[in-house]
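For reference, the chains in residue letters:
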Amino acid sequence: MSQAGPRIKHRVSYFHDAEAGQFYLGPSHPMKPHRVQLAHQLILGYELHNKMICFRPHRASDAEIKKFHTEEYVDFLLTINPDNMDMMSAQMKEHNVGFVGQYDCPVFDGIFPFCQLQAGGSLDGAAKLIDGSADIAVNWSGGLHHAKRNEASGFCYINDAVLAILEMLKFFPRVLYIDIDVHHGDGVEEAFYLTDRVMCVSLHKYDGNFFPQTGDIVENGEGKGKFYSINVPLNDGIDDETYEQMFKPIIRAVMGTYDPKAIVLQCGADSLAGDRLGVFNLSVKAHGDCVAFVKSFNIPTLVVGGGGYTIRNVARCWAYETSLCCDTQVSNDLPWSEYWHYFAPSYQLHADLRPKEWAYAENRNTQQDLDKIRIEVLEKIRGLQGAPSVQMKEMPPAFFVDMDSEDEDMLTDEQKRVRNMERAIYASNEYYPSRTEFKGAEEATKEEVAAANGEEAGA
């Protein structure tokens, strides 16, 4: 049973590529990838790179991205660009991608390389946790939690969190996904709605109208996944004290009951006060307290970004949370960088996050409402009666062994056997709608398929 453990020095792997901050979704679009570069400059200025092992992530291949997303959708992302989009209107409509100003997910130059870097960082982070070379892996370019299997959504084109979790499930029997973005983590929840091997916990604004219009407390999962989706719907203006009243007891109960062996923590910074699209009143300190609390359980954790649209505050938040991952105290005075002017007039880490003309939203979360939600959620968690067991046998190869792209004649019999076993990893109640997607699965033996799924061969 997981519980907060003694303080230990955590080994941190950090993934960043400067190119990730150079993409541009359009002048009126609120998503500014440049925010990642601002955060990175603060991290360098605080000399946190000396406390971590830093990597440039690989670009995820289309085969890797197709581990979750459909072949048709990935091929569309590979093909679409501003020059040919007029000829692909039907595909754009199907995949929820379109013109700037008309769609949340516009077509822009470099759309697929953008996706590759986001996915690559999270897959690389998952690999470091799997091989035991890191306790915490950080990819601030990731956390794109709205993307679905066959379509973009909410500024998210691919779902790096789902891809990373699928990779982690090859080694870890249970993975916990925690989401502190102001928006519901609907894409991740949907991917794992029918399984008990992933528990999704999301604290977010919900009133039936706020994007993505999902995440009510009654959305709990189905089948084997019943009660393994935990939604904590909140109202406008929640502040540090009341957010902590919800977050810590619920996460503590989840840790004790579910006993996760790995965690993906989505740290969307649009839950901060003063965010362009957010409605909460959290400070950088309170947002970081969530990271510190999860970290205290000493479970392998992939930390990813997410939303956040007032970019100076996003940078403050993610730099501070990087310092927490590194067990390093940093000054409230921000270090100088070429982006120094972004942080005027305070030039401080823990600054007043509100624009000059902006007032804090009224906290519409009454104590009575919060108590009712917390009690209902805790009762659901207690009703799970312990962690689900999973039989783990032979582990398939890591994601970067991409034998799908190799010439068939160049593969050894053993490579073909392992490749076909990996293709056959499925469960009828988990991530994929049909076994027919796994071409070549019939070549794996019945025992290998069962082992890959953690089942007995005769089951």
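Everything below is about the structure shown above.
Here's a quick rundown of the structure.

Rules behind the numbers
Residues numbered from 1 in each chain as written. Predicted model: local features only at pLDDT ≥ 70, side-chain atom pairs only at ≥ 80, totals over all residues. Heavy atoms only, no water. Helix = DSSP H or I, 4+ residues; strand = E, 2+ residues; numbered from the N terminus. Buried < 20%, exposed > 50% of the residue type's maximum accessible area, 1.4 Å probe, protein only. Salt bridge = Lys/Arg side-chain N within 4 Å of Asp/Glu carboxyl O. Axes fitted to C-alpha atoms, helices over the stretch in contact; angles between N-to-C directions. Parallel < 35°, antiparallel > 145°, perpendicular 65-115°, else oblique. Left-handed = near helix turned anticlockwise from the far one by under 90°. Contact = heavy atoms within 4.5 Å. Pairing = 2+ DSSP bridges. Right-handed = clockwise from strand over helix to strand, strands pointing away. Phe/Tyr/Trp six-rings, centres within 6.5 Å; stacked < 30°, edge-to-face > 60°.

**Description of the overall build of the protein**
Thought 1: Regarding its fold elements, the protein presents 13 helices and eight strands.
Thought 2: Burial status across the protein gives 59% buried among its 459 residues.

**A word on the pattern of salt bridges**
Thought 1: Applying the stated criterion to the full structure yields 17 salt bridges.
Thought 2: Note that Arg-59 is salt-bridged to Glu-19, the shortest N-O span being 2.7 Å. With Arg-59 in the loop between strand S2 (53–55) and helix H2 (62–65) and Glu-19 in the loop between strand S1 (12–15) and helix H1 (34–45), the pair connects residues that are 40 residues apart, well separated along the chain.
Thought 3: We classify Arg-59 as partly exposed; its relative accessible area is 36%.
Thought 4: Measuring nitrogen to oxygen at the nearest pair gives 3.8 Å for the salt bridge that ties Asp-62 to Lys-66.
Thought 5: Residue classification places Asp-62 among the partly exposed residues on the basis of a relative accessible area of 30%.
Thought 6: The network of salt bridges with common partners includes Lys-205, Asp-207, Asp-236 and Arg-364.

**Description of unusual backbone geometry**
Thought 1: A cis amide bond, omega 5°, links Phe-211 with the succeeding residue Pro-212.
Thought 2: Pro-345 follows Ala-344 through a cis peptide bond whose omega is 5°.
Thought 3: Positionally, Pro-345 belongs in the loop between helix H10 (311–325) and helix H11 (367–382).
Thought 4: One non-glycine residue, Phe-227, adopts positive backbone phi at about 75°.
Thought 5: Summarising the element assignment, Phe-227 is placed in the loop between strand S5 (198–205) and strand S6 (229–234).
Thought 6: Not every positive phi belongs to a glycine, and Tyr-347 is a case in point at roughly 55°.
Thought 7: Tracing the sequence through the fold places Tyr-347 in the loop between H10 and H11.
Thought 8: Overall, the relative accessible area of 26% leaves Tyr-347 in the partly exposed class.

**Quick notes on the packing of helix H9 (residues 284–295) against H10**
Thought 1: For the pair H9 and H10, interaxial distance at closest approach is 9 Å and the crossing angle is 30°. On the basis of their axis angle, the class for H9 and H10 is roughly parallel. Crossing hand, H9 versus H10: right-handed. From H9, Val-284, Lys-285, His-287, Gly-288, Val-291, Ala-292 and Lys-295 reach across to H10, where they touch Arg-316, Cys-317, Tyr-320, Glu-321, Leu-324 and Cys-325.

**Describing the pairing of strand S8 (residues 301–304)**
Thought 1: Burial along S8 is two-sided: Thr-301 and Val-303 and Leu-302 and Val-304, pointing in opposite directions, are all buried.
Thought 2: The pairing of strand S3 (residues 136–139) with S8 spans four bridges and is parallel. Following the sheet pairing, Val-138 is matched in S8 by Val-303.
Thought 3: Here strand S7 (residues 262–266) runs beside S8; their pairing, made up of four bridges, is parallel. If you follow Val-264 over to S8, its bridge partner there is Leu-302.
Thought 4: Handedness of the S7-H9-S8 crossover: right-handed.

**Some points on the packing of aromatic side chains**
Thought 1: The final tally for this structure, using the stated rule, is 15 aromatic pairs.
Thought 2: Both rings, one in Trp-140 and one in Trp-318, keep their centres 5.1 Å apart while their planes meet at 5°; by these two values the pair is stacked. Of this pair, Trp-140 sits in the loop between S3 and helix H6 (160–168) while Trp-318 sits in helix H10, placing them 178 residues apart in sequence.
Thought 3: Relative accessible area serves as the criterion here: at 0%, Trp-318 is assigned to the buried category.
Thought 4: Arranged with centres 5.3 Å apart and planes meeting at 85°, the rings of Phe-293 and Phe-297 form a pair that is edge-to-face. Per residue, the accessibility class of Phe-293 equals that of Phe-297, and both read buried.
Thought 5: Ring pairing ties together the aromatic residues Tyr-243, Phe-247, Phe-280, Phe-293 and Phe-297, which thus form one cluster.

**Focus: the side chain of Ser-13**
Thought 1: The topology assignment puts Ser-13 in strand S1.
Thought 2: Beyond its immediate sequence surroundings of up to four residues, Ser-13 is in contact with Ile-53, Phe-55, Lys-128, Ala-134, Ile-136, Ala-137 and Val-138.

**Some thoughts on the packing of helix H5 (residues 111–130) against H6**
Thought 1: Following both chains from N to C, one finds H5 and H6 inclined at 25°, their axes separated by 9 Å at the closest point. Taken together, H5 and H6 sit at an angle that is classed as roughly parallel. Between H5 and H6 lies a crossing of right-handed hand. Touching Gln-118, Ala-119, Ser-122, Leu-123, Ala-126, Leu-129 and Ile-130 of H5 are Asp-160, Leu-163, Ala-164, Glu-167 and Met-168, all from H6.

**Some details on the sheet that holds S8**
Thought 1: Spatially, eight strands are ordered S2-S1-S3-S8-S7-S4-S5-S6 in an open sheet, and the strand pairing comes out parallel. Of all strands in the sheet, those with a lone pairing partner are S2 and S6, marking the two edges. Sheet twist, expressed as the average angle between the axes of neighbouring strands with direction ignored, equals 15°.
Thought 2: In terms of strand pairing, strand S4 (residues 175–179) meets S7 through five bridges, oriented parallel. In the strand pairing of S7, Ile-178 is matched with Leu-265.
Thought 3: Across the face of the sheet, helix H8 (residues 240–258) comes into contact with S4, S5, S6 and S7 while running at roughly 175° to S5.

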